[in-house]
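Listed here are the chains, written in short residue letters.
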Amino acid sequence: MKRFKYLPLTVLAALGCTETQVPAFEFSGVIEGFYGPPWSHGDRLDMLRFMGRVGLDVYIYAPKDDPFHRSRWREPYPEDERQQLQELVVTAQQAGVEFWYAISPGLTITYSDSTDYRDLVRKIDQVADLGVEHFGLFVDDVPPQLTHDADRKAFGTLARAHVALTNKLHEHLAARGQTLALTPTTYTNAWGDLEYLAEIGAGVAQEVTILWTGPDVASPTISAAQASDWGRLLRRKPLLWDNYPVNDYARWRLFLGPFTGRAADLAGATIGIIANPMNEAHASMIPLATLADYARDPSGYDPRQSIGAALEMLYGEDADALNPFVEVFGDYGWDENLFEPLYILSDTIYVAPIEDALTQLQTALTNLERSSATNGALRALHDELEPFVARQRERLAELSRDPAYEERNGLLVYRSELDRVVAAQTTTSVVVDGDLSEWQDADWRPLYRSGRSTDIRVAFRRDDEFLYLAVATQYRNIRVRGGRMLGEADHIAIVIDGDPTDGAIGKDDLFVLLPPPNNIANAEPVVTALPFEGFMAKWLADNHALTFTEFHLSTFGSDPSPVVAPMADGLEYGTRRTRTGYSAELALPHLGRDRLRLSLTVTSTAGGKRVASLSRRNYPANPTTFAEIRLNQ
Ligand code: GDL
């Protein structure tokens, strides 16, 4: 459905440039492309009807956690789900919305395997039989290197494998008049492999649409020049996958503000704009209605006016009751939200403004509940918003109970002295081999898990060149092979803050992953510089479910990226099995610094994943729980 919607640019017209026109987007829409709970069938039906109403043209089906889309992509949809998909396709047609179906085989596919290809086509054909004519091959967030020997032999590089698969699938679809879109493994300027992308741009058939999320995964601003630059690499205009208002990366948070920061002349440099929304379908309609306004008339778009009109259109005169929600959650992923100190590390939490906001939100909920008796549209919205109030309350209560925080004059203050460690000058020389016999009289500290001591201990020492660190685990049942990923098995993860002035994880920092020795998978330690900053760093800092290692290895693979961090030069490590568990030693050049910040976590997996941390903060999986190691005392 390529519709050209050219609108006159009044400003240029006023300047006498009547020839020039700023294009509207060829199409705009929604991609259900988030992690976490997919929308329900009812949510999707409501969304498609809403899209038809506001003029959003394309819906892309790509929920990461629909097993039939990603983890079990080979399997056809069972009858119930097939029928539901059928109903969605019909509803989309009735609403004037194009339905695209995407599949994400990249976690497990062997690109060179003919059986895998046959399964992929069989699955796509099952969906095509429902009347779907547009498909997506999505290989975002999959291992960035080829993982099967057969593929390494057949293709050599991931790019070549992706080009071959995409073109083959494209030919299969094109033969019957259907189209293909590709989300490649490098889909943002923020990180990834540009050589890979250039190969994709050069090799993938021109008819295939390629998606791009902008300068970052979630981008505060996106300009036409940035889209054109990316388009040059792709050798075609990108389709913009806009990661607003998606909230899968901060599940305590809602995004109810209007679209902003997308340039007025962006449409000409892209083929369309597709927004990835929240797991909350009805709440998403508020910002999505503003996307429709922006896409229709980018140069006339006024975010404030648009959000007002969106609320009015959706909820009529009851819209006012939503104001407290729009106020508290009207900001963006790159802004600091009022509740953020409860989730992203902060030494001081101002309790009063948080409690005030919670009181107002509670009142708003009561009003919405009351109005929903006569205004049906509010019911679904109310039910989506309610848990977000409860969640902040519970988190506040949890931190208030935590002995690592103390209450002082209406503040919750983290006892940061708990995270200060002195590394004493060593009197004996340390041999970095994992044998801890020279550490017997060291000052051992227990690691912590949710405020409790664990049976894992750590000690520090220093000399003129190195900071030495020893870890002794004292638990049995070390699981050395935990599924596909090294990071899912037992391991020690250390992040060293290379730039203590930035207060966050980011590009200069060093990541060291030490698996137990003699593990079945023969996993090697990983020493690598962190390859990201911006959105990704903040997203990780806010992630309470996924450990840093899981994220890092699933996104970047275990092939270390070139180590650029100065501290990696001369770094040594050793690990060893012991009677009680395993031990590790690390020597880190301290480059004459008088203090270092590092995060140290030990993951054990027998009987469920447990993460113990050197820091006593209540964020066990969080890599920014840095402790301060003093070297000068
Ligand atoms: C991503 C994922 C997307 C996820 C989003 C926000 C793309 C291409 N992929 O990187 O599924 O919802 O971040 O967490 O954006």
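Please refer to the structure placed before this passage.
First things first, this report covers the structure right here in the doc. (Residues numbered from 1 in each chain as written. Predicted model: local features only at pLDDT ≥ 70, side-chain atom pairs only at ≥ 80, totals over all residues. Heavy atoms only, no water.)

**Observations concerning the site of the ligand**
Going by this rule: The nearness test applies per residue and asks whether one of its heavy atoms lies within 4 Å of the molecule or strand. Within 3.5 Å is the distance limit for a polar contact, defined as a pair of N or O atoms, with the added protein rule that one can donate a hydrogen and the other accept it, and that residues adjacent in sequence qualify only through two side-chain atoms. Note on areas: Shrake-Rupley with a 1.4 Å probe; residue coverage comes only from the protein chains shown. For this classification, Asp, Glu, Lys and Arg are treated as charged, while Ala, Val, Leu, Ile, Met, Phe, Trp, Tyr, Cys and Pro are nonpolar and the rest, including Gly, are polar.
In the vicinity of the ligand there are 16 residues, among which Gly-33, Asp-140, Tyr-187, Asn-243 and Asp-248 approach most closely. One nitrogen or oxygen atom from the main chain of Gly-33 is found 2.6 Å from an oxygen atom belonging to the ligand. In isolation the ligand has 360 Å² of accessible area, and contact with the protein removes 96% of it. For the shell around the ligand, a count of residues per class yields seven nonpolar, five polar and four charged.

**With respect to unusual backbone geometry**
Counted only if it meets this: A helix here means a DSSP run of H or I that spans at least four residues, while a strand means a run of E at least two residues long, and both kinds are numbered starting from the N terminus.
Cis geometry marks the peptide bond from Tyr-244 to Pro-245; its omega dihedral reads 5 degrees. At Asn-409, a position not held by glycine, the phi torsion is positive, near 45 degrees. Examined against the element boundaries, Asn-409 turns out to sit in the loop between strand E12 (405–408) and strand E13 (411–414). One non-glycine residue, Leu-591, lies in positive phi territory at about 55 degrees. With respect to the secondary-structure elements, Leu-591 resides in the loop between strand E23 (582–589) and strand E24 (595–604).

**Quick look at the packing of aromatic side chains**
The description of an aromatic ring pair rests on the distance of the ring centres and on the angle between the ring planes. Stated precisely, the cut-off is as follows: Aromatic rings from Phe, Tyr and Trp, with only the six-membered ring used for Trp, were paired whenever their centres fell within 6.5 Å, and each pair was classed as stacked if the ring planes differed by under 30 degrees, edge-to-face if by over 60, and tilted otherwise. Relative accessibility decides the category of a residue: with a 1.4 Å probe and only protein chains considered, values under 20% of the type maximum give buried, values over 50% give exposed, and everything between is partly exposed.
Applying the stated criterion across every chain yields a total of 23 aromatic pairs. Between Tyr-187 and Trp-191, the aromatic rings sit 5.8 Å apart at their centres with planes inclined by 75 degrees, giving edge-to-face as the arrangement. Since its relative accessible area comes to 7%, Tyr-187 is described here as buried. The class of Trp-191 is buried, set by a relative accessible area of 9%. Ring geometry for Tyr-244 and Phe-255: centres 5.9 Å apart, planes at 55 degrees, overall tilted. Remark: Phe-255 occurs in the loop between strand E9 (239–242) and strand E10 (272–275) and Tyr-244 occurs in the loop between E9 and E10; sequence separation between them is eleven residues.

**As for the environment of Lys-168**
Summarising the element assignment, Lys-168 is placed in helix H6 (residues 158–174). Sequence separation of Lys-168 and Val-204 is 36 residues, and the distance between their C-alpha atoms is 9.8 Å.

**So, the nonpolar core**
Using the following cut-off: Nonpolar cores are built from buried Ala, Val, Leu, Ile, Met, Phe, Trp, Tyr and Cys residues. Side-chain atoms within 4.5 Å join them into one set. We call two residues in contact whenever any of their non-hydrogen atoms come within 4.5 Å of each other.
Formed by 144 residues in total, the largest nonpolar core has its most connected members in Phe-50, Phe-99, Phe-325 and Phe-339. Looking at this core element by element, the count peaks at ten residues for helix H9 (residues 281–296). Setting aside residues no more than four positions away along its own chain, Phe-99 makes contact with Tyr-59, Tyr-61, Leu-85, Leu-88, Val-89, Ala-92, Val-132 and His-134. Counting 33 residues, the second largest nonpolar core, distinct from the first, contains Leu-447, Phe-460, Tyr-475 and Leu-600.

**Details of helix H3 (residues 79–95)**
The condition that has to hold: By this rule, a helix spans an expected 1.5 Å times one less than how many residues it contains.
Spanning 17 residues, H3 covers 24 Å between terminal C-alpha atoms, matching the ideal 24 Å at 1.5 Å per step. Looking at the buried residues of H3, the elements they touch are helix H2 (41–54), strand E4 (58–61) and strand E5 (98–103). Backbone geometry just downstream of H3 places Gly-96 in the positive-phi region, at approximately 75 degrees.

**Section: helix H13 (residues 377–401)**
Selection rule: Note on bend: at a given residue it equals the angle between the axes fitted to the 7 residues ending there and to the 7 starting there.
Between its terminal C-alpha atoms H13 stretches 38 Å, which fits the 36 Å expected from 25 residues at 1.5 Å a residue. At Asp-383, H13 shows its largest kink, close to 25 degrees, and the proline Pro-387 lies no more than four residues downstream. Three or more residues of H13 are buried, namely Leu-378, Leu-381, His-382, Glu-384, Leu-385, Phe-388, Val-389, Gln-392, Arg-395, Leu-396 and Leu-399.

**Here's the deal with the sheet that holds strand E7 (residues 179–183)**
Which entries qualify depends on this criterion: DSSP calls a pair of strands paired once it identifies at least 2 bridges connecting them. Between the N-to-C directions of two axes lies an angle of 0 to 180 degrees, each axis being a line fitted to C-alpha atoms and, for a helix, fitted only over the stretch in contact.
The strand order E3-E4-E5-E6-E7-E8-E9-E10 describes a closed barrel built from eight strands, whose pairing is parallel. Direction aside, neighbouring strands of the sheet carry axes that sit 25 degrees apart on average. As judged from the five bridges shared by strand E6 (residues 134–138) and E7, these two strands associate in the parallel manner. The partner of Phe-138 across the bridge, within E7, is Thr-183. Lying over the sheet, H6 contacts E6 and E7, oriented at roughly 160 degrees with respect to E7.

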